[in-house]
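# A closer look at the structure
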Amino acid sequence: MLWILCLALCSLLTPTRADPGALLRLGMDVLNREVQNAMDESHILEKMAAEAGQNRPGMKPIKGITDLKVKDVLVPVITMNFMPRVGIFQCVSTGMTITGKSFMGGNMEIIVVLNITATNRLLQDEETGLPMFKSEGCEIILVSVKTNLPSNMLPKMVNKFLDSTLHKVLPGLMCPAIDAVLVYVNKKWASLNAPMPVGQMGTVQYVLTSVPTTTPSYIQVDFSPVVQQQKGNTIQLADAGGAEFPEDYAEGSSQLLLSATFLTAELALLQKSFNVKVKDTMIGELPPQTTVTLAGFIPKVAEAYPKPKPLVTQIRINKPPKVTMKTGKSLLHLHGTLEMFAARWRGKPPVSLFVLETHFNLKIQYSVHEDRLQMTTSLDRLLSMSRKSSSIGPFKEKKLTGFITDFLQEAYIPVINDVLQVGFPLPDLLDMNYNLAELDITENALVLNLKLD
């Protein structure tokens with residue numbers, strides 16, 4: 001009895017975590033690009049240099065130097081490393097020339113090469129729920145210092161002056177650059193958890209499951225996507241079934257994983273659009289859709305309708321579509337009914353001939369267009385077909401297998417593919433260009449191997 005109590009208590013104390021429907025691995029390739037772009041596009045070092053001679057709050061005047069200016073800022077070289085469970089260690093190597101009037105009355109020029117180091121801690125904003133980087137422990141490390149101060153000055157006096165000057169100027173001048181760059185990068189997450197439309201059917205929202213995790217090789221962001229119908233009902237995601245990243249991707253690269261259960265939930269938004277009524281008599285390579293053609297498989301149709309009547313076929317999907325994935329192959333499972341009618345003239349409603357319960361699979365091919373996931377399908381197999389009702393009496397359903405299979409391929413699949421053209425939104429973050437991604441179908445998941453421009 002005691003061990004049962006202990007087991008129960010342990011289960012209560014063990015933290016549980018929802019199985020994410022989507023996973024993002026950010027390698028150093030993407031992060032290097034974003035930080036470098038932030039440096040280049042914000043021109044932050046140049047701006048800091050331009051402000052160096054201005055009186056700013058918290059900046060103390062430097063004894064022995066006036067008319068302080070900074071010029072000739074070198075193009076920064078950025079080096080970053082992952083810090084497990086923390087974030088990123090960043091080093092910015094740059095250089096500049098500091099000029100002014102020295103305490104001796106002449107023009108002074110100091111050429112400095114330095115490293116700016118800081119820890120960029122990865123957090124989750126409590127208000128927005130978005131990832132955010134926050135700089136900590138910024139330090140300035142001098143690599144080399146050259147000056148035009150007279151060589152006959154006492155070395156100790158020169159060193160003391162330089163030490164006093166540089167340690168007063170540089171931290172206040174350069175460390176805000178790190179913060180400014182992170183503000184720029186953090187803005188690239190701003191739209192991440194905004195609801196994105198799937199046509200007129202509903203929305204998809206990428207919500208963080210927890211604080212992103214930093215490992216020695218990448219940052220992992222777990223999503224619990226919210227798939228919501230237009231009327232406000234949320235479609236619950238089933239267990240992801242052990243969807244995981246394959247381990248054969250290049251070190252430092254980035255990937256996005258979309259689980260089969262997440263894609264299943266997205267397709268549920270389109271379920272009503274998969275209900276189709278086909279009235280056309282001539283469809284592609286099919287024989288004429290009339291009672292005469294149908295009578296070739298079910299003779300009783302000719303007895304009931306001696307004169308040819310056009311056929312009307314209605315397919316209703318009565319269970320949510322389901323996506324399954326094995327390595328290299330993805331299937332869309334559809335369960336529903338197929339009902340055939342004999343049309344009548346003069347506006348009279350068609351007469352139902354029979355209703356079949358059907359289960360068939362479609363092969364899915366994936367692509368990305370305009371940063372939306374696209375699907376194109378083709379018929380895989382008609383798995384089962386059973387008679388639910390019939391106004392023409394009993395008949396052998398198996399005789400209809402070829403006729404129905406051809407109908408699905410020629411008449412139904414094109415309609416499904418038209419519906420799927422709406423596409424499904426991918427996470428909006430860090431200016432990611434998903435159009436360049438390489439797509440891999442793995443066990444229970446689709447993986448987008450992200451590529452840089």
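The rules behind the values
Residues numbered from 1 in each chain as written. Predicted model: local features only at pLDDT ≥ 70, side-chain atom pairs only at ≥ 80, totals over all residues. Heavy atoms only, no water. UniProt positions renumbered as here; feature names shortened; annotations may be inferred. Helix = DSSP H or I, 4+ residues; strand = E, 2+ residues; numbered from the N terminus. Contact = heavy atoms within 4.5 Å. Buried < 20%, exposed > 50% of the residue type's maximum accessible area, 1.4 Å probe, protein only. Pairing = 2+ DSSP bridges. Axes fitted to C-alpha atoms, helices over the stretch in contact; angles between N-to-C directions. Phe/Tyr/Trp six-rings, centres within 6.5 Å; stacked < 30°, edge-to-face > 60°.

The protein appears in an unreviewed UniProt entry as BPI fold containing family B member 6 from Bos taurus. The protein has a UniProt comment under Sequence similarities (unreviewed entry) that states "Belongs to the BPI/LBP/Plunc superfamily. BPI/LBP family."

### Some words on the side chain of Thr293
Within the secondary structure, Thr293 is located in helix 6 (residues 291–295). Among all residues touching Thr293, those that are not within four sequence positions of it are Pro287, Pro288 and Phe403.

### Some remarks on helix 5 (residues 260–268)
Extensive coverage of helix 5 is indicated by the burial of nine of its nine residues. All of the buried residues along helix 5 are Ala260, Thr261, Phe262, Leu263, Thr264, Ala265, Glu266, Leu267 and Ala268.

### A closer look at the sheet that holds strand 12 (residues 234–235)
What the four strands build is an open sheet, ordered 7-8-11-12; its pairing is antiparallel. Both edges of this open sheet fall to strand 7 (196–198) and strand 12, since each of them pairs with a single strand only. Direction of pairing for strand 8 (residues 202–205) relative to strand 11 (residues 226–229): antiparallel, over a ladder of four bridges. Within strand 11, the position partnered with Gln205 by the bridge is Val226. The strands touched by helix 5 are strand 8, strand 11 and strand 12; relative to strand 11, the strand with the most contacts, the crossing angle is about 15 degrees.

### Points about the packing of aromatic side chains
Overall, the coordinates contain five aromatic pairs when judged by the stated rule. Aromatic pair Phe360 and Tyr412: ring centres 5.8 Å apart, planes at 85 degrees, arrangement edge-to-face. In this pair, Phe360 sits in strand 18 (residues 351–369) while Tyr412 sits in helix 8 (residues 401–420), placing the two residues 52 residues apart along the sequence. Accessibility expressed as a relative area gives 1% for Phe360, which makes it buried. The class for Tyr412 is buried, based on a relative accessible area of 1%.

### Brief notes about the side chain of Thr358
Mapped onto the elements, Thr358 comes out in strand 18. When sequence neighbours within four positions are dropped, the list of residues in contact with Thr358 reads Leu334, His335, Gly336, Thr337, Leu338, Ser384 and Met385.

### A few points about the environment of Gly199
If you trace the backbone, Gly199 turns up in the loop between strand 7 and strand 8. Through-space distance from the C-alpha of Gly199 to that of Leu270 is 9.4 Å; in sequence the pair is 71 residues apart.

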